[in-house]
Amino acid sequence: MISPGERLANYVILLVFAAFALFPIVTILVAAFGPADSGGTAGLGNFAAAWEIGNFGSYLRSSLAVSLFVVVVSVVLSIMSGYAFGTMRFRGQAVLFYLFMLGIMMPSEAVAVPLYFDLRTLGLTDTFWAVALPQVALSVAFGTFWMRAYFRASNRAIVEAARIDGASTWRILWQVLVPPARPAVVTLTVLVFMWTWNEFLIPLIMVTSESLRTAPLGLTFFQGQYTSGFTLLAAGSVIVATPVVIVYLFLQRHFIRGLLQGAVRE
């Protein structure tokens, strides 16, 4: 049993780490709502000015399109590949699985330049596909690992019962195994969305058109070209970060449940 002194020490440590983590966020929020460096606007006016000057409407639409495409394709492919690796046995399974794991172990910085030349040969640079497809490949690698762990620990009795009833492999996956896997799928969805939304290097290398710039890339150009003041830059940072915060807050219950389930699976 935890003594009152130990409980108090735990709370103090948690409060210190919470303050350490929240201090940068509070600083950005205070700066975003504070008076502008030029003395013109304050409060919500800073966000309106940053939105108009920085062209964040176009950047957010581009990020949203890329993120939705990457999330949908990556999650569907990860479910299918995780199901194959987690429940089936076939020749070359181990080698193929470790090949998938290279996508986790190898950083995007190591493949960005060769990938650029490959996509340029195919005529795909400076297109939507040059930004989306590499991120699909990187996300499927982790998604396969994540869903494989879930399916390996799934109830085999339910699967066998479905097979006895004549259910096909496809039906077993989508109607028997996927519905109980909703927390794991939601957790994967949130993680892929966050990684895709915050990706900076791939859009920086692959596209030059302003209409294809994502929000983090647009924020960097906003900082370098339009303003050197901290207030509007802070407002732009809040604009870029808001969609990720909204997605997490909306799905946080399933996200935490999926993480807890993953903590006890092999």
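Owing to the predicted nature of the structure, the values given are computational and were not obtained by experimental measurement. (Residues numbered from 1 in each chain as written. Predicted model: local features only at pLDDT ≥ 70, side-chain atom pairs only at ≥ 80, totals over all residues. Heavy atoms only, no water.)

## So, the overall build of the protein chain
- Helix and strand counts for the protein chain stand at 12 helices and zero strands.
- What you see in the protein chain, going N to C, is helices and strands ordered as α-α-α-α-α-α-α-α-α-α-α-α.
- Taken along the three principal axes of its C-alpha coordinates, the protein chain extends 75 × 65 × 30 Å.
- Burial statistics for the protein chain: of 266 residues in total, 41% are counted as buried.
- Nonlocal contacts in the protein chain, meaning residues at least 24 apart in sequence, comprise 78% of its contacts between residues at least 6 apart.
- Per element, the accessible surface of the protein chain, about 15,100 Å² overall, is 69% carbon and sulfur.
- Each charge class in the protein chain was averaged separately, 15 positive and 11 negative side chains, and the resulting centres sit 14 Å apart. (Helix = DSSP H or I, 4+ residues; strand = E, 2+ residues; numbered from the N terminus. Buried < 20%, exposed > 50% of the residue type's maximum accessible area, 1.4 Å probe, protein only. Contact = heavy atoms within 4.5 Å. Areas by Shrake-Rupley, 256 points an atom, 1.4 Å probe, with all protein chains shown as cover. Lys, Arg positive; Asp, Glu negative; His and termini not counted. Charge placed at Lys NZ, Arg CZ, Asp CG, Glu CD.)

## A look at the layout of surface pockets
- When its volume is computed, the largest pocket comes out at roughly 290 Å³.
- What lines the largest pocket is simply Ile-25, Ile-28, Leu-29, Asn-198, Ser-237, Val-238, Ala-241, Thr-242, Val-244 and Val-245.
- Within the residue set of the lining of the largest pocket, elements represented by two or more residues are helix 1 (4–33) and helix 12 (230–263).
- With six residues, the top contributor of residues to the lining of the largest pocket is helix 12. (1 Å grid on protein atoms, 1.4 Å probe; cavity = no way out; pocket = protein on both sides within 12 Å on 5 of 7 lines; lining within 4 Å. Points joined across faces, edges and corners; volume = space filled by probe spheres on them.)

## Some words on empty space enclosed by the protein
- One pass over the structure, following the stated rule, counts one cavity of 30 Å³ or more.
- As a volume, the largest cavity reaches approximately 30 Å³.
- In terms of lining residues, the largest cavity is bounded by Ser-108, Val-111, Ala-112, Leu-115, Leu-138, Ile-202 and Met-206.
- If you list the elements that add at least two residues to the lining of the largest cavity, you get helix 5 (108–121) and helix 10 (201–206).
- Of the residues forming the lining of the largest cavity, the biggest block, four residues, is contributed by helix 5.
- Across the lining of the largest cavity, the residue classes tally to six nonpolar, one polar and no charged. (Nonpolar A, V, L, I, M, F, W, Y, C, P; charged D, E, K, R; others polar.)

## Describing the side chain of Thr-144
- Within the secondary structure layout, Thr-144 lies in helix 6 (residues 128–152).
- Filtering out sequence-adjacent residues up to four positions away, Thr-144 remains in contact with Ser-78, Ser-81, Gly-82, Phe-85 and Phe-100.

## Observations concerning unusual backbone geometry
- Positive phi outside glycine occurs at Asn-55, with the angle close to 60 degrees.
- Tracing the sequence through the fold places Asn-55 in the loop between helix 2 (44–54) and helix 3 (56–87).
- Owing to a relative accessible area of 30%, Asn-55 belongs among the partly exposed residues under this scheme.
- The backbone of Asp-126 shows a phi angle near 60 degrees, a positive value even though the residue is not glycine.
- By the secondary structure assignment, Asp-126 is in the loop between helix 5 and helix 6.

## Focus: the packing of helix 1 against helix 2
- Where helix 1 contacts helix 2, the axes come no closer than 7 Å and their chain directions differ by 85 degrees. Taken together, the axes of helix 1 and helix 2 are roughly perpendicular relative to one another. Contacts between helix 1 and helix 2 involve Ala-31, Ala-32 and Phe-33 on the former and, on the latter, Leu-44, Asn-46 and Phe-47.
- Of the residues assigned to the contact of helix 1 with helix 2, the class counts are five nonpolar, one polar and no charged. (Axes fitted to C-alpha atoms, helices over the stretch in contact; angles between N-to-C directions. Parallel < 35°, antiparallel > 145°, perpendicular 65-115°, else oblique.)

## A short note on helix 5
- Helix length check: helix 5, at 14 residues, gives a terminal C-alpha distance of 19 Å against a target of 20 Å (1.5 Å per residue), a fit within 8%.
- Maximal helix bending in helix 5 amounts to about 30 degrees, located at Pro-114.
- Residues of helix 5 that are buried: Ser-108, Ala-112 and Leu-119.
- A positive backbone phi angle near 75 degrees is found at Gly-123, which sits one or two residues after helix 5. (Expected span 1.5 Å × (residues − 1). Bend = angle between axes of the 7 residues up to and from the residue.)

## Here we look at the nonpolar core
- By size, the foremost hydrophobic cluster in this structure holds 57 residues, and its most contacted members are Phe-56, Ile-79, Met-147, Phe-151 and Ile-172.
- Top element by residues in this core is helix 6. It accounts for 10 residues. (Core = buried A, V, L, I, M, F, W, Y, C linked by side-chain atoms within 4.5 Å.)

## Here's the deal with the environment of Ala-130
- Along the polypeptide, Ala-130 turns up in helix 6.
- Between the alpha carbons of Ala-130 and Arg-120 there is a distance of 9.0 Å; along the sequence they are 10 residues apart.
- Contacts of Ala-130, omitting those with residues within four sequence positions, involve Leu-119, Leu-124, Thr-125, Ile-202 and Met-206.

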